Amino acid sequence: MTRTIKRDIPGIDIFKFLMALAVVLDHFAAIFLPDENAIPVAIRWAMEGPVPFFFITTGFLTYGIFDDKEKLLRRGLRLIRIWALWILIYLPTDIFSGFGSSTQPLRTIITLVVEGVTTYSWPLWFLYAMAWFFVIESFLHGRPVLKRISRIVYFVSFLLYSYGLYHYDYWLHRLIVLTPIKVFYGSQLILFGYYIKRWLDRAQGGTAVLTASLAVSSIVLFVFNLPCWNSLCGAAFFLVALRIKARPRKIYLTC
């Protein structure tokens, strides 16, 4: 176990616990509090950062396998198996509900393929996006031109999906429905974590300025209802987690 892991993992895992509760709150509010104004502004801002936080954490913690094609592929295939198992667990509920009383079976199949979700298994897009990211990265290993193209696709998808999250546009909505743009959005967030790790390995000094910049930028974008604020919020939370100097204990994941 390296000194970096001993120092960083406790803070990350403390925040993973807090972020998991925030995700539950976000989903609860989406279902039972349709009026977002019923939620205090500060809480509304904070509870949108956890999902990007988890993707960024994934990229940060898997930094060491990005140069290993076999490890990337194994991780991707393992995540696909986990995702498929959970789809099967959710299947009886979907069947019982008639897949949300869908009158378009083809639409259900397309959504499963491009997003990895069904009517009630929509949280599984997180696993699905991670799985395909690692599989795709293993395929891109040793192919620099294709890797550059993938980075462009990820980033453009990230911008488009970030916009579509809080601004409804008919044609953009159709694009999101029919393409794996959500998977690529998650892929870009994973890359953010990878680049944060690479920057920390090369940079001198602390992360206080970067953390504050991300948090302030996120708040400004949130206030003016501009895209990407939730991703910057998640990145700021992640950097705060890295600064926690708690000692590793049995309750924390330390390996």
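What you are looking at is a predicted structure, and each value in this text was computed from that prediction instead of being measured.

Asker: So what's going on with the overall build of the protein? Residues and values would help.
Answerer: What the protein contains, in helices and strands, is 12 helices and 0 strands. Of all 255 residues assigned to the protein, the portion counted as buried reaches 42%. For the protein, contacts bridging at least 24 residues in sequence account for 75% of all contacts bridging at least 6. With an accessible surface of roughly 14500 Å², the protein has 68% of that area assigned to carbon and sulfur atoms.

Asker: Tell me about the packing of helix α3 (residues 50–61) against helix α7 (residues 125–140), and name the residues and values.
Answerer: At a closest axis distance of 12 Å, the pairing of α3 and α7 adopts a crossing angle of 30°. Looking at the two axes, α3 sits roughly parallel to α7. Along this stretch, α3 crosses α7, giving a crossing that reads as right-handed. For the pair α3 and α7, contact is made by V51, F54, F55 and T58 and by W125, F126, A129, M130 and F134, respectively. In the contact of α3 with α7, the residues fall into 8 nonpolar, 1 polar and no charged.

Asker: Break down the nonpolar core for me, with residues and values.
Answerer: Inside soluble globular proteins, nonpolar side chains tend to come together where they are buried. If you look at the biggest cluster of nonpolar residues, it comprises 31 residues, and the most contacted ones within it are F55 and F133. M19, W45, A215 and F238 belong to the second-largest nonpolar core, a separate cluster that totals 23 residues.

Asker: I'd love a proper account of the pattern of salt bridges, names of residues and values included.
Answerer: Taken as a whole and judged by the stated rule, the model has 3 salt bridges. Among the salt bridges present, the one from D13 reaches K16, with a minimum N-O distance of 2.9 Å. Residue D13 and its partner K16 are located together in helix α1 (residues 3–32), separated by 3 residues, close to a single helical turn. In this structure D13 comes out as buried when scored by relative accessible area, which is 13%.

Asker: Any chance you could break down α7 for me, citing the residues and the numbers?
Answerer: In an α-helix, one full turn covers 3.6 residues, which means residues spaced three or four apart are oriented alike. End to end, α7 covers 22 Å across 16 residues, agreeing with the expected 22 Å (1.5 Å per residue, within 8%). When you tally the buried positions in α7, you get 12 out of 16 residues, the bulk of the element. Directly after α7, the chain includes G142, whose backbone phi takes a positive value near 80°.

Asker: Account for a nonpolar patch on the surface, with residues named and values stated.
Answerer: A cluster of nonpolar side chains, namely V216, I219, V220, V223, F224 and L226, defines an oily patch on the protein surface of about 560 Å² accessible area. On the secondary structure map, V220 appears in helix α11 (residues 208–223). Given a relative accessible area of 41%, V220 falls into the partly exposed group.

Asker: Break down the side chain of S157 for me, with residues and values.
Answerer: Residue position: S157 is located in helix α8 (residues 144–166). A polar contact of 2.8 Å, which involves the side chain of S157, links it to the backbone oxygen of V153. Discounting chain neighbours no more than four positions away, the residues touching S157 are I181, F184 and Y185.

Asker: Run through the environment of T207, naming residues and quoting values.
Answerer: If you trace the backbone, T207 turns up in the loop between α10 (181–202) and α11. Ignoring any residue separated from it by four or fewer positions in sequence, one finds T207 in contact with W199, L200, L239 and R243. A distance of 3.4 Å separates polar atoms of two side chains, one belonging to T207 and the other to R243.

What counts, and at which threshold
- Residues numbered from 1 in each chain as written.
- Predicted model: local features only at pLDDT ≥ 70, side-chain atom pairs only at ≥ 80, totals over all residues.
- Heavy atoms only, no water.
- Helix = DSSP H or I, 4+ residues; strand = E, 2+ residues; numbered from the N terminus.
- Buried < 20%, exposed > 50% of the residue type's maximum accessible area, 1.4 Å probe, protein only.
- Contact = heavy atoms within 4.5 Å.
- Areas by Shrake-Rupley, 256 points an atom, 1.4 Å probe, with all protein chains shown as cover.
- Axes fitted to C-alpha atoms, helices over the stretch in contact; angles between N-to-C directions.
- Parallel < 35°, antiparallel > 145°, perpendicular 65-115°, else oblique.
- Left-handed = near helix turned anticlockwise from the far one by under 90°.
- Nonpolar A, V, L, I, M, F, W, Y, C, P; charged D, E, K, R; others polar.
- Core = buried A, V, L, I, M, F, W, Y, C linked by side-chain atoms within 4.5 Å.
- Salt bridge = Lys/Arg side-chain N within 4 Å of Asp/Glu carboxyl O.
- Expected span 1.5 Å × (residues − 1).
- Patch = residues over 30% accessible without salt bridge, like charges linked within 9 Å, V, L, I, M, F, W, Y side chains within 5 Å.
- Polar contact = N/O pair within 3.5 Å; in protein donor to acceptor, adjacent residues only side chain to side chain.

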